[in-house]
Amino acid sequence: MKNGFTLCVLVSTLCLFLSGCAGTTQKQERYIASVPSSTSQQSTSSSPTSLDPSLPSTGRIDLRGLSLLEVIFRTQLNINRIDDLYVTTRGKVGNVAIISSGELNVLKAFIAQRWAPVVLLQYGNKRHLWVVMGYDNPAQQIQLGNPINSGVRIMPYADFEREWAAGSAQKCVLVTPIRLSEARVHSVLAKYLPTTQVSQVKVRSR
């Protein structure tokens, strides 16, 4: 009788022990399942943040007082190629950069940086220099100016890109107080544009 009682106690104790182990295992499994995997943690950390490059929806530059641009527009109006400014402005302005971009967003990024890109547009049989002085994404319009006569021209993006391609193969010129290396231009554009766009921009400067 005594041995039977002891055996019953041992069996009961063993059952309680086994059920406790099973419960602990289940709790551990549930906890592990709730922890994000390393893959999901990596994807979360690489998701867009406020530091990602982005362009403002609008931008504008005041052309008044930009004396370097005034020199260009007083002496260089009769040119057929935007690249000609690289040579014809020698001795008149110190630092000229020819930017080969092919992207309207590059011009917008220069505006956001307060750099005024000069473009050669063709409408009809004539080509004219303009300064890109602003843009408006909601209105889908580009704003052009002439620093000499204060002329302003507002164009839809599509019309501008067509005339820009015909007039200067989607190139622009930057006239600045300091020389702009390709690395410097890329570092500025990287604040506003994806790396894939920035890497395509070529710079020829003196």
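Further up the page is the structure itself.
Within each chain, residue numbers correspond to sequence positions counted from 1 in written order. Owing to the predicted nature of the model, reporting of local features is limited to residues with pLDDT of at least 70; listing and counting of side-chain atom pairs is limited to 80 or more, with chain, interface and lining totals taken over all residues. Working from all heavy atoms in the structure, the side-chain values ignore hydrogens and water.

S.K.: Summarise the overall build of the protein; cite the residues concerned and give the values.
M.R.: Secondary structure summary: the protein contains eight helices and eight strands in total. Sequence-distant contacts in the protein: of pairs separated by 6 or more residues, those separated by 24 or more amount to 65%. For the area figures, the Shrake-Rupley method with a 1.4 Å probe applies, and any residue is considered shielded solely by the protein chains shown. A total of about 12100 Å² of accessible surface is found on the protein, and carbon and sulfur atoms cover 56% of it. What counts as a helix is a DSSP run of H or I of at least four residues, what counts as a strand is a run of E of at least two, and both are numbered from the N terminus. Working rule for contacts: check all heavy atoms of both residues, and any pair within 4.5 Å makes them a contact.

S.K.: Go over the packing of helix H5 (residues 104–112) against helix H6 (residues 157–168) with me, naming the residues and quoting the values.
M.R.: Angles shown run from 0 to 180 degrees and are taken between the N-to-C directions of axes, each axis being a line fitted to C-alpha atoms and, for helices, limited to the stretch in contact. Between H5 and H6, the least distance of the axes is 11 Å, while the angle of their chain directions is 105°. Considered as vectors, H5 and H6 are oriented roughly perpendicular to each other. In contact with Leu104, Leu107 and Lys108 of H5, H6 contributes Tyr157, Phe160, Glu161 and Trp164. Amino acids outside the nonpolar list (Ala, Val, Leu, Ile, Met, Phe, Trp, Tyr, Cys, Pro) and the charged list (Asp, Glu, Lys, Arg) are all regarded as polar, and Gly is one of them. Grouping the constituent residues of the contact of H5 with H6 by class yields five nonpolar, no polar and two charged. Each angle gets one of four labels, with under 35 degrees taken as roughly parallel, over 145 as roughly antiparallel, 65 to 115 as roughly perpendicular, and the rest as oblique.

S.K.: Can you lay out the pattern of salt bridges for me, pointing to particular residues and giving the numbers?
M.R.: When a carboxyl oxygen of Asp or Glu is within 4 Å of a side-chain nitrogen of Lys or Arg, the pair counts as a salt bridge. Counted according to the given criterion, the structure contains six salt bridges. Across the pair aspartate 83 and arginine 81 runs a salt bridge, and its minimum N-O distance is 3.9 Å. We note a salt bridge from arginine 81 to aspartate 84, for which the minimum N-O separation is 2.8 Å. The buried label applies to any residue whose accessible area, calculated with a 1.4 Å probe on protein chains only, is under 20% of its type's maximum; exposed applies above 50%, and partly exposed to all values in between. Judged by its relative accessible area of 46%, arginine 81 falls in the partly exposed class. Residue aspartate 84 is classed as partly exposed on the basis of its relative accessible area of 24%. One connected set of salt bridges, linked through shared partners, spans Arg81, Asp83, Asp84 and Lys171.

S.K.: A description of the packing of aromatic side chains should follow, citing residues and the corresponding values.
M.R.: Aromatic ring pairs are defined here through the distance separating the ring centres and the angle between the ring planes. Aromatic pairs are defined between Phe, Tyr and Trp rings, using the six-membered ring for Trp, whenever the two ring centres lie within 6.5 Å; interplanar angles under 30 degrees are classed as stacked, those over 60 as edge-to-face, and all others as tilted. Tallied over the entire structure, the rule returns two aromatic pairs. With a centroid separation of 5.9 Å and 40° between ring planes, the pair formed by phenylalanine 110 and tryptophan 115 is classed as tilted. Working rule: Lys NZ or Arg CZ, within 6 Å of ring centre, within 35 degrees of ring normal, means a charge sits over the ring. The ring centre of tyrosine 123 lies 4.2 Å from the NZ or CZ of arginine 153, which sits over that ring. Over the face of the ring belonging to tyrosine 86 we find arginine 206, whose NZ or CZ atom lies 5.6 Å from the ring centre.

S.K.: Would you mind going over the environment of glutamine 122 in detail, with residue names and values included?
M.R.: Tracing the sequence through the fold places glutamine 122 in strand S3 (residues 118–123). Using a relative accessible area of 23% as the deciding quantity, one classes glutamine 122 as partly exposed. Taking the C-alpha atoms as reference, glutamine 122 lies 9.5 Å from phenylalanine 160; in sequence the two are 38 residues apart. In this view, glutamine 122 contacts Arg127, Glu163, Ala166 and Gly167; residues no more than four positions away in its chain are not counted. Polar contacts, as counted here, are pairs of nitrogen or oxygen atoms within 3.5 Å of one another; within protein the pair requires one atom able to donate a hydrogen and one able to accept it, and residues that are adjacent in sequence qualify only if both atoms are side-chain atoms. One polar contact links glutamine 122 to arginine 127, side chain to side chain, over a distance of 2.7 Å.

S.K.: Tell me about the layout of surface pockets, and please be specific about residues and values.
M.R.: Points on a 1 Å grid, built from protein atoms alone, make a cavity when a 1.4 Å probe fits but cannot get out and make a pocket when they are open with protein on both sides within 12 Å along at least 5 of 7 lines; residues with an atom within 4 Å of a point are the lining residues. Grid points are joined across faces, edges and corners, and a volume is the space filled by probe spheres set on the points. By volume, the largest pocket is sized at about 240 Å³. Around the largest pocket sit Ile61, Leu66, Ser67, Leu68, Leu69, Arg114, Trp115, Ala116, Leu174, Val175, Thr176 and Pro177, which together line it. For the lining of the largest pocket, the secondary-structure elements that each account for two or more residues are helix H3 (67–75) and strand S7 (171–175). Top contributing element to the lining of the largest pocket by residue count: H3, with three residues. Here the second largest pocket defines a volume of roughly 170 Å³.

S.K.: Give me the lowdown on the pairing of S7, citing residues and values where you can.
M.R.: Taking burial as the measure, the five residues of S7 include four buried ones, the bulk of the element. Strand direction decides the pairing type here: strand S2 (residues 96–100) and S7, joined by five bridges, are antiparallel. Paired with serine 100 across the two strands is lysine 171, which belongs to S7. Pairing between two strands is assigned when DSSP locates at least 2 bridges connecting them.

S.K.: Account for the environment of isoleucine 82, with residues named and values stated.
M.R.: With respect to the helices, strands and loops of the structure, isoleucine 82 is situated in the loop between H3 and helix H4 (85–88). In this structure isoleucine 82 comes out as buried when scored by relative accessible area, which is 1%. Along the backbone, isoleucine 82 and glutamine 170 are 88 residues apart, and their C-alpha atoms lie at a distance of 9.6 Å. Setting aside its immediate chain neighbours within four residues, isoleucine 82 contacts Ile98, Val118, Val119, Leu120, Leu129, Ser168, Lys171 and Val173.

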